[in-house]
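# Results of the structural survey
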Amino acid sequence: MATQAKLLRVLEERSFERVGGTQMVEIDVRILAATNKDLREAVAAKTFREDLYFRISAVPITIPPLSERGEDVLMLAEHFLERFRREFRKPNLKLSASASAAMRSYPWPGNVRELQNTIERAAILSDSEIIDAGELQLPAPRPPDGEMPHGMLDHNFDWAGTLQEVGARALSHVERFKIEEALKSAKWNKTRAAEQLGVSYKTLLNKIRLMGLEN
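Residues numbered from 1 in each chain as written. Predicted model: local features only at pLDDT ≥ 70, side-chain atom pairs only at ≥ 80, totals over all residues. Heavy atoms only, no water.

### What about the pattern of salt bridges?
The condition that has to hold: Salt bridges are defined by distance alone: a side-chain nitrogen of Lys or Arg within 4 Å of a carboxyl oxygen of Asp or Glu. Counting from the N terminus, the helices are the DSSP runs of H or I reaching at least four residues and the strands are the DSSP runs of E reaching at least two. The buried label applies to any residue whose accessible area, calculated with a 1.4 Å probe on protein chains only, is under 20% of its type's maximum; exposed applies above 50%, and partly exposed to all values in between.
Within the structure shown, the criterion is met by 10 salt bridges. A salt bridge links Arg55 to Glu12; the shortest N-O distance between them is 3.6 Å. Of this pair, Arg55 sits in helix α3 (residues 50-56) while Glu12 sits in helix α1 (residues 2-13); the two residues are 43 residues apart in sequence, bridging distant segments of the chain. For Glu180, the salt bridge is made with Arg176, and the minimal N-O distance between the two is 3.5 Å. In this pair, Glu180 and Arg176 both sit in helix α8 (residues 163-185), 4 residues apart, roughly one turn of the helix. Its relative accessible area of 32% is what places Arg176 among the partly exposed residues. A single salt-bridge network, built from bridges that share partners, covers Glu78, Glu82, Arg85 and Arg86.

Have a look at this one:
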């Protein structure tokens, strides 16, 4: 916040004093500012000065995330692929229809930089002239809500990784769900909960401890 105040003063007075200097230096500049944060929310949260926000937001330009830009994903992918064709001396590299479909459906939380890294990795690792969807190594999409077992895997479940990794996470999540339900049903009587779950009392105690469910 202190730096914001100093910057605002420079913009308002169009002058500043160098560190160690004794004279004011006049400036004539045009400010171009970019951020991936919502500055209006930052102003409301009092982490960004309101007066500085209004000073720099004379002509705001909002660029939507890649997930909202339709065919721009494929155009940018082709742009990056052309660069890596030259860089890696693979002039005939192309994206398959399945790769294009996967890129269109992926939400790209890392935006353009994630797309660039994805194309670069695929270009490096591809053993043929066609890049398939699997070679993009995109995280697995979350299944639709209608296909989810109710109460088992929540909205934030991580679907990325190998079948073994995802399966281990899912098993841990389901075990926790079952143990919590059994404990509630047994009014936190661990002996009865163990009987419901079909495990030994000692096994249940170990899982409760590992899952941090002691309380």
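### Observations concerning the side chain of Thr118
Quick reminder of the rule: It only takes one pair of heavy atoms within 4.5 Å for two residues to be counted as in contact.
Its location among the elements puts Thr118 in helix α6 (residues 111-125). Setting aside residues up to four positions removed in sequence, Thr118 forms contacts with Trp108, Leu136 and Leu138.

### Observations regarding the packing of aromatic side chains
Under the convention used in this document: Here a Phe, Tyr or Trp ring, Trp counted by its six-membered ring, pairs with any other such ring whose centre lies within 6.5 Å, and the pair is stacked when the planes are under 30 degrees apart, edge-to-face when over 60, and tilted otherwise. In this scheme, the term charge over a ring applies when either NZ of a lysine or CZ of an arginine sits within 6 Å of the ring centre and within 35 degrees of the ring normal.
Taken as a whole and assessed by the stated rule, the structure comprises 3 aromatic pairs. With a centroid separation of 5.6 Å and an interplanar angle of 15°, the aromatic rings of Phe84 and Phe88 are classed as stacked. Judged by centre distance (4.7 Å) and plane angle (90°), the rings of Tyr106 and Trp108 are edge-to-face. Classification of Tyr106 by relative accessible area gives buried; the value is 11%. The ring of Phe84 has Arg83 sitting right over it, with the charged end atom 5.9 Å from the ring centre.

### Section: a nonpolar patch on the surface
Stated precisely, the cut-off is as follows: A patch consists of residues exposed above 30% relative accessible area that lack any salt bridge, with like charges linked at up to 9 Å and nonpolar side chains (Val, Leu, Ile, Met, Phe, Trp, Tyr) linked at up to 5 Å. Throughout, the Shrake-Rupley method with a 1.4 Å probe supplies accessible areas, and for residues the shown protein chains are the sole cover considered.
A cluster of nonpolar side chains, Val59, Ile61 and Ile63, forms an exposed patch at the surface whose accessible area comes to about 390 Å². Tracing the backbone shows Val59 in the loop between α3 and α4 (72-87).

### A few points about α8
Note: α-helices contain 3.6 residues per turn, so residues at a spacing of three or four share the same orientation. Keep this limit in mind: A helix is expected to reach a length of 1.5 Å times the quantity of its residues less one.
Its 23 residues give α8 an end-to-end C-alpha distance of 32 Å, which sits within 8% of 33 Å, the value for a rise of 1.5 Å per residue. Among all positions of α8, only Val166, Ala170, Ile179, Ala182 and Leu183 are buried. In this structure, the buried side of α8 is in contact with α9 (190-197) and α10 (201-210). Phi turns positive, to about 55°, at Lys187, one or two residues after α8.

### Thoughts on the environment of Ala45
Along the polypeptide, Ala45 turns up in the loop between α2 (39-44) and α3. Expressed as a C-alpha distance, the spacing of Ala45 and Arg14, which sit 31 residues apart in the sequence, is 28 Å.

### A few points about the nonpolar core
Spelled out, the test is: Put simply, buried Ala, Val, Leu, Ile, Met, Phe, Trp, Tyr and Cys residues joined by side-chain atoms within 4.5 Å make one nonpolar core.
Core analysis: the largest hydrophobic core is formed by 19 residues, its most contacted members being Leu95, Met103, Trp108, Leu115, Ile119, Ile131 and Leu136. Broken down by secondary-structure element, the contributors of at least two residues to this core are α4, α5 (97-105) and α6. Per-element tally for this core: the top contributor is α4, with 5 residues. Here Leu136 is in contact with Ala99, Ala102, Met103, Thr118, Ile119, Arg121, Ala122 and Ile131, once residues within four sequence places are set aside. Ranked by size, the runner-up nonpolar core spans 10 residues in total, among them Leu183, Ala186, Ile208 and Leu213.

### Describing the packing of α4 against α6
Two quantities define a packed helix pair, namely the angle between the axes and the distance from one axis to the other. Rule in force here: Note on geometry: axes are lines fitted to C-alpha atoms, helical ones only across the stretch in contact, with angles between N-to-C directions running from 0 to 180 degrees. Orientation is classified from the angle alone, with under 35 degrees giving roughly parallel, over 145 giving roughly antiparallel, 65 to 115 giving roughly perpendicular, and any other angle giving oblique. Here is the rule for handedness: rotate from the far helix to the near one, and if that takes an anticlockwise turn smaller than a right angle the crossing is left-handed, while a clockwise turn gives right-handed.
Following both chains from N to C, one finds α4 and α6 inclined at 45°, their axes separated by 9 Å at the closest point. It follows from the interaxial angle that α4 and α6 lie oblique. Helix-helix and strand crossings are classified by hand; for α4 and α6 the assignment is right-handed. Every residue of α6 that contacts α4 at Val73, Leu76, Ala77, Phe80, Leu81, Arg83 and Phe84 is listed here: Val112, Leu115, Gln116, Ile119, Glu120 and Ala123.

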